[in-house]
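Here are the chains, one letter per residue:
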Amino acid sequence: MASKSAEEVTEAADLTYPATDWRGFFANHFGPSMLWALISIGASHIVLAPTLGGHFGLWAIWVFAIIYLAKYGAWELGIRYNYGVGRNPVEAYGDLPGPGNWMQWFTVAVFTIAYSGITAAVGMSTATFVAALTPLSFTWSFVVFVGLAGVLVFFTRYSLLEKILIGFTIALGVFILVAVLVGPPSADVIAATAFTSPDLTGPLFVGLFAAAAGFAPTGFSTSVLIGSWSMAKGDGAVELRENGLDPTDERYHDYIAQWIETGRRDFNIGYAFSFLLIVAMVVLASNVLYPEPPADDNLALTIGTIVSGSFGEWSYYAMVIGAFAALYSTVITLLDGASRATADTLPLALERPELDSERIRKAVVVGIVAVSCSVVVALGTVPVTFLIWISAILAITEILFYPANWYIVREHLPEAFQPSTGWVVYYVVSLVLVLLFGVMGAASEFGYV
């Protein structure tokens, strides 16, 4: 075997390989998955999980298990591309077959139009908890707090508030998990709901399943956000590109393989945490609410009492404050993520890299806040109903990100990093399920069930 040249040895020595031990991993590489998880620990956990648990009891756990198993592949492909190529997946969407940059234009539409609806939905739930804690009305709670979130994101001076909200959200997660251990569901609830399926073709189940499939744990568009957060850490093939090295060069295959595995490990932790917490919320809802789920007019009261059986009356305020923090942090993250993703994608779609991305970002923040406030003023206090409706829409619209991520992996990654046969079989099966979720969403939205 020929020995490596001095230049090759120097290049390899200058690269930062990921830590292989858990201590080094958490110290240096852990992070993007928890930012992603904090988006998911909002409406899907605080509103949808108790709603499904209140309707179907512990059977709702099977619903979420199917959804999490089916949707995992879209993010795994995004991570594979991000760490293997060193770019955000959205940059490669321009290479998809079809009319000029159509997927990038679709991405812009999702992060402006769809995210206006998502912000309105999560903001409504947030306002419900604000109204329960303050003298403000529901509408004023929404306008004040979503408007404040917009101001914070517009000027990008919200890091301290974000850390506080993240702290409250993590505390809420621990609080909920402990509550399940202290007050597990009764034997009667387990016997009545764990393996007893509802009417799987009825409008109630189809509508709620589609809503959960659209919003839990998040929409597929967040693979673009994970790409941005991962790129910011400068790990994987990003480092190669920053040093003028070619990620397709076989000399760096071992380096890239280790980083793909590290990125997948990071995401798996956030994904597992998100699933564990949504299961805990279903268990609590099954024990406390079943068969009376939260409604538009009592969302905060119902969710606030969900842990009372475990800890007593004092826990009402702890739960309401924690739920507010989880939802409000989601509002801020949605505004920030949507505006930054649009600012990154619109110049690509227009093929005009000279555009001022900061001006685009600020315009999107203002636009989403204005549109979401208009929606709330028009619709009124319908946090559960509107969230279920917009979630079912997401089950239809965001499907495209899954095959798009698969296509760019197939086209841009070297053969060494292409999915194995086992992964391909999984992608096919899960994509079929995701398409079925979209059909269920369409059937619910257009009144076919």
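The rules behind the values
Residues numbered from 1 in each chain as written. Predicted model: local features only at pLDDT ≥ 70, side-chain atom pairs only at ≥ 80, totals over all residues. Heavy atoms only, no water. UniProt positions renumbered as here; feature names shortened; annotations may be inferred. Helix = DSSP H or I, 4+ residues; strand = E, 2+ residues; numbered from the N terminus. Expected span 1.5 Å × (residues − 1). Buried < 20%, exposed > 50% of the residue type's maximum accessible area, 1.4 Å probe, protein only. Contact = heavy atoms within 4.5 Å. Salt bridge = Lys/Arg side-chain N within 4 Å of Asp/Glu carboxyl O. Axes fitted to C-alpha atoms, helices over the stretch in contact; angles between N-to-C directions. Parallel < 35°, antiparallel > 145°, perpendicular 65-115°, else oblique. Left-handed = near helix turned anticlockwise from the far one by under 90°. Nonpolar A, V, L, I, M, F, W, Y, C, P; charged D, E, K, R; others polar. Lys, Arg positive; Asp, Glu negative; His and termini not counted. Polar contact = N/O pair within 3.5 Å; in protein donor to acceptor, adjacent residues only side chain to side chain. Phe/Tyr/Trp six-rings, centres within 6.5 Å; stacked < 30°, edge-to-face > 60°. Lys NZ or Arg CZ within 6 Å of the ring centre and 35° of its normal.

For the protein, an unreviewed UniProt entry supplies the name Mn2+ and Fe2+ transporters of the NRAMP family and the organism Natrarchaeobaculum sulfurireducens. Turning to the protein, the UniProt record has this under Subcellular location (unreviewed entry): "Membrane".

A.B. asks: Sorry if this is basic, but what is going on with the environment of G447 here?
C.D. replies: Tracing the chain through its elements places G447 in the segment after α21 (421-445). Sequence-wise, G447 and I278 are 169 residues apart; in three dimensions their C-alpha atoms are separated by 28 Å.

A.B. asks: Can you walk me through helix α8 (residues 138-155) in this structure?
C.D. replies: Note that an α-helix has 3.6 residues per turn; residues three or four places apart therefore point the same way. The end-to-end C-alpha distance of α8, which contains 18 residues, comes to 26 Å, matching closely the 26 Å that a straight helix rising 1.5 Å per residue would cover. Burial in α8 covers these residues: F138, S141, F142, V146, G147, A149, G150, L152 and V153. Phi turns positive one or two residues past the end of α8, at T156, with a value near 50°.

A.B. asks: Hey, could you run me through the side chain of S125 in this one?
C.D. replies: Take S125: it is sitting in helix α7 (residues 102-133). The class of S125 is buried, set by a relative accessible area of 0%. In this view, S125 contacts V47, L299, L327 and P383; residues no more than four positions away in its chain are not counted.

A.B. asks: What's the story with the pattern of salt bridges in this structure? I'm lost.
C.D. replies: Pairing is possible between side chains of opposite charge, provided their charged atoms come close. This model, assessed by the stated rule, comprises eight salt bridges. A salt bridge links E76 to R80; the nearest nitrogen and oxygen atoms lie 2.8 Å apart. Note that E76 and R80 are positioned in helix α5 (residues 59-85) at a spacing of four residues, about one turn of the helix. Given a relative accessible area of 1%, E76 falls into the buried group. Among the residues examined, R80 registers a relative accessible area of 6% and is labelled buried.

A.B. asks: Explain the packing of α7 against helix α18 (residues 357-379) here, please?
C.D. replies: The description of two packed helices rests on the angle between their axes and on the distance between the axes. In the contact formed by α7 and α18, the axes pass within 8 Å of each other and the chain directions differ by 50°. The orientation of α7 relative to α18 falls into the category oblique. In the packing of α7 onto α18, the handedness of the crossing is right-handed. The residues of α18 that touch α7, namely those facing F111, T112, Y115, S116, T119, A120 and M124, are V364, I368, V371, S372, V375, V376 and L379. Broken down by class, the residue content of the contact of α7 with α18 amounts to 10 nonpolar, four polar and no charged.

A.B. asks: What's the story with the side chain of D296 in this structure? I'm lost.
C.D. replies: Considering the arrangement of structural elements, one finds D296 in the loop between α14 (253-288) and α15 (299-304). Buried and unpaired, D296 has no salt bridge, with K71 as the nearest side chain of opposite charge at 21 Å. Polar side-chain contacts of D296 include one of 2.8 Å to the backbone nitrogen of V384. Within the local environment of D296, its side chain forms a polar contact with the side chain of T385, the two groups lying 2.6 Å apart. Once residues within four sequence positions are removed from consideration, D296 is found in contact with T381, V382, P383, V384 and T385.

A.B. asks: Quick question: what am I supposed to make of the packing of aromatic side chains here?
C.D. replies: Two numbers describe a pair of aromatic rings. These are the distance of the centres and the angle of the planes. Counted under the stated rule, the structure contains 40 aromatic pairs. With 5.1 Å between their ring centres and 65° between their planes, F26 and F30 make a pair best called edge-to-face. A relative accessible area of 43% means that F26 is categorised as partly exposed. The cationic tip of K71 hangs over the ring face of F220; the distance from NZ or CZ to the ring centre is 5.2 Å. Above the plane of the ring of F25 lies R265, whose end atom (NZ or CZ) is 5.1 Å from the centre.

A.B. asks: I tried to follow the environment of M281 on my own but got confused; where do I start?
C.D. replies: Counting through the fold element by element, M281 comes out in helix α14. Sequence separation between M281 and I46 is 235 residues, and the spatial gap between their C-alpha atoms is 7.6 Å. The residues contacting M281, other than those within four sequence positions of it, are H45, I46, A49, P50, I176, I306 and M319.

A.B. asks: When you look at helix α17 (residues 315-350) in this model, what are you seeing that I'm missing?
C.D. replies: A rise of 1.5 Å per residue sets the reference length of α17, with its 36 residues, at 52 Å; its end C-alpha atoms lie 52 Å apart and thus fit the reference within 8%. Where burial is concerned, most of α17 is hidden: 29 out of the 36 residues are buried.

A.B. asks: Is there a simple way to explain unusual backbone geometry in this structure?
C.D. replies: A cis amide bond, omega -15°, links A216 with the succeeding residue P217. Here P217 is to be found in the loop between α11 (203-215) and α12 (222-233). P291 follows Y290 through a cis peptide bond whose omega is 5°. Structurally, the position occupied by P291 is in the loop between α14 and α15. Positive phi outside glycine occurs at N101, with the angle close to 55°. Tracing the backbone shows N101 in the loop between α6 (89-92) and α7. We classify N101 as buried; its relative accessible area is 13%.

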